[in-house]
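As a plain string of letters, each chain reads:
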Amino acid sequence: MLDRSTVKLIKSVIRKMAFVTIVVGVCALMLVLHLAALDVGRREDWGRQKAGNYFKMRRNYKGALELLINYSTRFGDGTVRASPDKIHSVQLWYEAAAMIKWYISPTEDEYLCKILGNFDNWVFCKDKNLEIKAPCLVYSFGVRNNFQFEDSFGRLGCDVRSFDPSTNMTDHTHNKTVKFYDLGVGPLNTNVFMPTRRGAGVNQTDKGDGPWKLRTLKSIMEMLRQQNKILDVVKIDIKSNLWVVLDNILETGAWRQIRHLLLGFNLYPTHPHKEDYVIFYRTLTKLRERGFVEYFGQTDDALSTQGDHFTVKGRTSFYNFNLLLGD
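Residues numbered from 1 in each chain as written. Predicted model: local features only at pLDDT ≥ 70, side-chain atom pairs only at ≥ 80, totals over all residues. Heavy atoms only, no water.

## Overview of the sheet that holds strand β8 (residues 190-193)
Through backbone hydrogen bonds, the strands of a sheet pair up, either in parallel or in antiparallel fashion.
Argument step 1. One open sheet accounts for three strands, arranged β7-β9-β8; its pairing is mixed. Lying at the two open borders of the sheet, with one neighbouring strand each, are β7 (184-185) and β8.
Argument step 2. Pairing geometry for β8 and strand β9 (residues 212-215), over two bridges, is antiparallel. Each bridged residue has a counterpart across the sheet, and for Phe-193 the counterpart in β9 is Trp-212. (Pairing = 2+ DSSP bridges. Helix = DSSP H or I, 4+ residues; strand = E, 2+ residues; numbered from the N terminus.)

And the structure:
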């Protein structure tokens, strides 16, 4: 038998070995997480680099500067403090509004798409390696009672899921390729969202004042058991609620599974609050930094500057170059 001192020594060695094993394991885990983060960063940088190498890009800062001068004169003291190529120099609401207007201006598209498709005035790119073809998955948020966009993609052979909590429709199968859900996309999961009902920029609704059911994009994908799939097209046309939803998509990482992102922009005189415009501008900038590149922009009588009223409306289409098809 081993004497007491030997047993004590063995136990001490075992404890030290266990401690070393734990330390090594923790260090290994931290290294793996660090490398994973670096890999995500490299892949996102690759998406932006791929876009730059693969396609002709354009960026006309002169147009942005002209808008900044215009807005600073109309809404400020005429002094231009912001710089178009320095994100954090944009500090005032009218500077952010000018930059958002510049982002969605038809002359400022970053990628010059050669072949454009148009379904119900929503534009998507059909160039090689960006095309949408079966099998494909489409999410459409904001339908009202018009299914032209959804039916068009359904005829392409796509699995189309449409969502709108503002109508009187209940969950149903619209046709063999299009399904409808009495549900909206939001920045959080809730069954009691109360839509804005007064002033410009309200959420049009057929339901009266009743609450809406909202889910985040990530939660919707999990609900439909499509959390591991790529969304070939995501269309978001939800009035001024777009901004908080877009921020959630970026924060949760759901953007990584979106190829074409079609957005309807709305900035109205009373809603959302002008104090939030800088946040909206930075959200759009983050979208670009992730590797989303605009290929189409359209403004609908975009600017009204009578008195203190201010309106920007438009649509823009992005492609996530991290998911570029082919070489």
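## As for the nonpolar core
Argument step 1. Counting residues in hydrophobic clusters, the biggest one holds 53 residues, and the most contacted among them are Tyr-139, Phe-141, Leu-217, Ile-236, Leu-261 and Leu-263.
Argument step 2. The element best represented in this core is helix α3 (residues 93-103), accounting for eight residues.
Argument step 3. In this structure, Leu-217 is in contact with Tyr-139, Phe-141, Val-185, Leu-231, Asn-248, Ile-249, Ala-254 and Ile-258, ignoring residues within four places of it in sequence.
Argument step 4. Counting residues in hydrophobic clusters, the runner-up holds 28 residues, among them Tyr-111, Cys-113, Phe-153 and Cys-158. (Core = buried A, V, L, I, M, F, W, Y, C linked by side-chain atoms within 4.5 Å. Buried < 20%, exposed > 50% of the residue type's maximum accessible area, 1.4 Å probe, protein only. Contact = heavy atoms within 4.5 Å.)

## As for helix α2 (residues 61-75)
Argument step 1. Compared with an ideal rise of 1.5 Å per residue, which puts 15 residues at 21 Å, α2 spans 21 Å between its outermost C-alpha atoms and is within 8% of the ideal.
Argument step 2. Taken together, the buried residues of α2 touch α3. (Expected span 1.5 Å × (residues − 1).)

## Concerning the sheet that holds strand β5 (residues 172-173)
Argument step 1. An order of β5-β6-β4-β3-β10-β11-β13-β12 is seen for the eight strands of this open sheet, with the pairing classed as mixed. Two strands in the sheet have a free side with no partner beyond their single neighbour: β5 and β12 (292-299).
Argument step 2. Note: strand β4 (residues 158-163) against strand β6 (residues 178-181), four bridges, orientation parallel. The residue of β6 that forms the bridge with Phe-163 is Tyr-181.
Argument step 3. Lying over the sheet, helix α6 (residues 242-252) contacts β10 (231-236) and β11 (258-267), oriented at roughly 150 degrees with respect to β11. (Axes fitted to C-alpha atoms, helices over the stretch in contact; angles between N-to-C directions.)

## Structural notes on the pattern of salt bridges
Argument step 1. Enumeration over the complete set of coordinates arrives at nine salt bridges.
Argument step 2. Among the salt bridges present, the one from Glu-251 reaches Lys-286, with a minimum N-O distance of 3.4 Å. In this pair, Glu-251 sits in helix α6 while Lys-286 sits in helix α7 (residues 277-289), placing the two residues 35 residues apart along the sequence.
Argument step 3. Residue classification places Glu-251 among the exposed residues on the basis of a relative accessible area of 53%.
Argument step 4. Arg-288 is paired through a salt bridge with Glu-294; the nearest N and O atoms lie 2.3 Å apart.
Argument step 5. The class for Glu-294 is buried, based on a relative accessible area of 0%.
Argument step 6. Through salt bridges with shared partners, a single network forms among Asp-247, Glu-251 and Lys-286. (Salt bridge = Lys/Arg side-chain N within 4 Å of Asp/Glu carboxyl O.)

## A closer look at the state of the cysteines
Simply put, the disulfide is a covalent bond whose two ends are the sulfur atoms of two cysteines.
Argument step 1. Following the criterion strictly, the structure yields two disulfides and no others.
Argument step 2. What pairs with Cys-136 in a disulfide is Cys-158, and their sulfur atoms sit 1.9 Å apart. Around the S-S axis, the bridge from Cys-136 to Cys-158 shows a dihedral of about -90 degrees and counts as left-handed. Here Cys-136 is found in strand β3 (residues 136-141), whereas its partner Cys-158 is found in strand β4, with 22 residues between them in sequence.
Argument step 3. A relative accessible area of 1% means that Cys-158 is categorised as buried.
Argument step 4. Should the bonded cysteines of the chain be numbered as they appear in the sequence, the pairing reads 1-2, 3-4. (Disulfide = S-S within 2.5 Å.)

## Notes on unusual backbone geometry
Argument step 1. Between Ala-134 and Pro-135 the backbone carries a cis peptide bond, its omega angle lying at -5 degrees.
Argument step 2. Along the chain, Pro-135 falls in the loop between β2 (122-125) and β3.
Argument step 3. Positive phi values are uncommon outside glycine, yet Asn-121 reaches one of about 70 degrees.
Argument step 4. Mapped onto the elements of the fold, Asn-121 is located in the loop between β1 (116-119) and β2.
Argument step 5. A residue is classified by how much of its surface remains accessible, and Asn-121, at 49% relative accessible area, is partly exposed.

## Quick notes on the packing of aromatic side chains
Argument step 1. Across all of its chains, the model carries 23 aromatic pairs by this definition.
Argument step 2. Each ring, one from Phe-163 and one from Tyr-181, has its centre 5.2 Å from the other, and the planes form 20 degrees; the classification is stacked. Of this pair, Phe-163 sits in strand β4 while Tyr-181 sits in strand β6, and the two are 18 residues apart along the sequence. With respect to class, Phe-163 is no different from Tyr-181; both count as buried.
Argument step 3. Pairwise contacts between aromatic rings join Tyr-71, Phe-75, Trp-93, Tyr-94, Trp-243, Phe-265, Tyr-277 and Phe-280 into one cluster.
Argument step 4. Note that Arg-288 overlies the ring of Tyr-103, its terminal NZ or CZ placed 3.6 Å from the centroid. (Phe/Tyr/Trp six-rings, centres within 6.5 Å; stacked < 30°, edge-to-face > 60°. Lys NZ or Arg CZ within 6 Å of the ring centre and 35° of its normal.)

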